[in-house]
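Descriptive analysis of the structure
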Amino acid sequence: SSLTGAASCAGTAGSPDAILVIDGANINHTGTGTVINVGANTANNGNGKLTVSNSTINSGNIPTTGGHGIAVNGVQSELILSGNNTVNIGNGRDTAILLTSTNGAKVTVDGVLNVTNSSSFSATEMDGIETNASASGNSEIYHNGTGTIRTVNGNGLYAKNSGAGGGDAIVEARGGSGLNL
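Residues numbered from 1 in each chain as written. Predicted model: local features only at pLDDT ≥ 70, side-chain atom pairs only at ≥ 80, totals over all residues. Heavy atoms only, no water.

What to know about the pairing of strand β10 (residues 97–101)
- Across the five residues of β10, four count as buried, placing the element largely inside the fold.
- Bridging between strand β8 (residues 70–74) and β10 involves five bridges; their strand directions are parallel. Within β10, the residue paired with I70 across the bridge is I97.
- Pairing analysis gives five bridges linking β10 to strand β12 (residues 129–133), with the strands arranged parallel. Looking across to β12, one finds that I97 is bridged to I129. (Buried < 20%, exposed > 50% of the residue type's maximum accessible area, 1.4 Å probe, protein only. Helix = DSSP H or I, 4+ residues; strand = E, 2+ residues; numbered from the N terminus. Pairing = 2+ DSSP bridges.)

Right under this line is the structure:
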């Protein structure tokens with residue numbers, strides 16, 4: 001399917017988890033903000049989970065810094081990319097793929113993933129894939145496939161724990177010579 005615009009999934013007080021599955025989509029976004037945004041209701045202990053398979057996400061240039069290609073947020077957040085996926089974001093965007101959580105953020109790539117982050121602003125991190133556990137839990141990126149991650153002004157793969165919870169920051173690129181950063 002082909003979409004023009006953005007996709008969003010949000011948790012509520014009664015149903016705090018946010019879960020979204022995207023398969024075979026071609027999304028072209030020209031507006032501001034995040035293209036695919038999965039946000040759980042963290043006040044009610046919601047978790048965010050996104051699964052993307054065989055999809056292309058394109059986001060054009062915007063005049064100011066903001067927005068991502070993919071963003072997942074929750075007490076625990078998880079993104080699974082399988083098959084053949086492409087994420088291209090233009091100048092003015094932030095990190096291409098961002099997972100934030102208070103208790104564990106995890107990205108798993110199984111297949112081909114090509115990411116281009118063309119943003120050259122220096123105000124924030126302009127990474128390819130970033131995970132951040134802000135209170136506890138691990139911040140994890142497991143790239144088991146192949147592909148290329150290109151950035152102008154950031155890290156290809158960046159796992160961090162910004163809080164005092166003592167979790168681990170883990171990056172494992174298991175794709176061997178088939179992953180280019």
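From this point on, the discussion continues.
Some words on the side chain of E140
- With respect to the helices, strands and loops of the structure, E140 is situated in strand β13 (residues 139–143).
- Nearest to the buried, unbridged E140 among oppositely charged side chains is K106, at 5.2 Å.
- Once you skip the residues sitting within four places of it in the chain, E140 turns out to touch A105, K106, V107, T131 and I170. (Lys, Arg positive; Asp, Glu negative; His and termini not counted. Salt bridge = Lys/Arg side-chain N within 4 Å of Asp/Glu carboxyl O. Contact = heavy atoms within 4.5 Å.)

Observations regarding the pattern of salt bridges
- For the structure on display, the rule yields one salt bridge.
- As a salt-bridge pair, E130 and K160 come within 3.7 Å of each other at their nearest N and O atoms. Linking E130 in strand β12 with K160 in strand β15 (residues 157–161), this pair joins segments that are 30 residues apart in sequence.
- Take E130: its relative accessible area is 5%, and that puts it in the buried class.

Let's talk about unusual backbone geometry
- You will see that N45, though not glycine, has its phi angle at about 60°, which is positive.
- Considering the arrangement of structural elements, one finds N45 in the loop between β5 (36–39) and β6 (48–53).
- Even without glycine at this site, N54 takes up a positive phi of about 50°.
- By secondary structure assignment, the location of N54 is in the loop between β6 and β7 (56–59).
- The partly exposed category is assigned to N54, whose relative accessible area is 42%.

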